[in-house]
Amino acid sequence: GKSSPAPASERSADGVRKHAVRATAVGFLTLAKDIHIGAKVTKGALVAQVEVLGIPTEVRALHGGIVVTLRAATGDPVEYGQEIFILESIGDAAK
């Protein structure tokens, strides 16, 4: 049978929510220079670009939070929908 995709936001008991930031196109990734573990990201911020045939596609954060895990690096080839990094937001502070 079909397995349903995991929810984009997982909520744990202490109110911490994790959000995956995903590639918006197939191509080569360039992370914004201020994206690193511990970086604070605001909702709607330009966090990366995916370049295909010399044309960059913007990747914007759909949620605010702190970068806790990097899943890809600048120069990496990425697939559409691939996780680039994981943001963690605590409670309602980062909405």
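Rules behind the numbers
Residues numbered from 1 in each chain as written. Predicted model: local features only at pLDDT ≥ 70, side-chain atom pairs only at ≥ 80, totals over all residues. Heavy atoms only, no water. Pairing = 2+ DSSP bridges. Helix = DSSP H or I, 4+ residues; strand = E, 2+ residues; numbered from the N terminus. Salt bridge = Lys/Arg side-chain N within 4 Å of Asp/Glu carboxyl O. Contact = heavy atoms within 4.5 Å. Patch = residues over 30% accessible without salt bridge, like charges linked within 9 Å, V, L, I, M, F, W, Y side chains within 5 Å. Areas by Shrake-Rupley, 256 points an atom, 1.4 Å probe, with all protein chains shown as cover. Buried < 20%, exposed > 50% of the residue type's maximum accessible area, 1.4 Å probe, protein only. Core = buried A, V, L, I, M, F, W, Y, C linked by side-chain atoms within 4.5 Å.

Student: Could you give me a rundown of the sheet that holds strand β8 (residues 77–78), with the residues and numbers involved?
Tutor: Ordered by their spatial adjacency, four strands build an open sheet running β6-β5-β3-β8, and the pairing between neighbours is antiparallel. Only two strands of the sheet have a single neighbouring strand rather than two, namely β6 (55–60) and β8. Where strand β3 (residues 27–31) lies against strand β5 (residues 46–52), four bridges are found, and the strand directions are antiparallel. Bridge assignment links Thr30 to a residue of β5, and that residue is Gln49.

Student: Quick rundown of the pattern of salt bridges? Include the residues and the values.
Tutor: As enumerated under the stated definition, the model contains four salt bridges in all. Among the ionic contacts, a cluster of salt bridges with common partners joins Arg22, Arg71 and Glu83.

Student: Break down the pairing of strand β7 (residues 65–70) for me, with residues and values.
Tutor: As defined by bridge partners, strand β4 (residues 40–41) adjoins β7 across two bridges and the pair is classed as antiparallel. When the bridges of β7 are listed, Val41 appears paired with Gly65. In this structure, β7 lies alongside strand β9 (residues 83–90), joined through four bridges in antiparallel fashion. Within β9, the position partnered with Thr69 by the bridge is Ile86.

Student: So, the environment of Pro77: which residues are in play, and what are the values?
Tutor: With respect to the helices and strands, Pro77 occurs in strand β8. Taking C-alpha positions, Pro77 is 6.2 Å from Leu29, a pair spaced 48 residues apart along the chain. With near-sequence residues (within four places) excluded, Pro77 lies in contact with Gly27, Phe28 and Gln82.

Student: Explain a nonpolar patch on the surface to me, and be specific about the residues and the numbers.
Tutor: Taken together, Val52, Leu53 and Ile55 make up a surface patch of nonpolar side chains, about 340 Å² in accessible area. Positionally, Leu53 belongs in the loop between β5 and β6. Judged by its relative accessible area of 84%, Leu53 falls in the exposed class.

Student: If you had to explain the nonpolar core to someone new, which residues and values would you point to?
Tutor: One finds Leu29, Ile35, Val47 and Phe85 to be the most contacted residues of the largest nonpolar core, which totals 20 residues. Every element with two or more residues in this core is listed here: β3, β5 and β9. Not counting residues up to four positions away in its chain, the partners in contact with Leu29 are Ala48, Gln49, Val50, Ala72, Ala73, Thr74, Gly75, Asp76, Val78 and Ile84.

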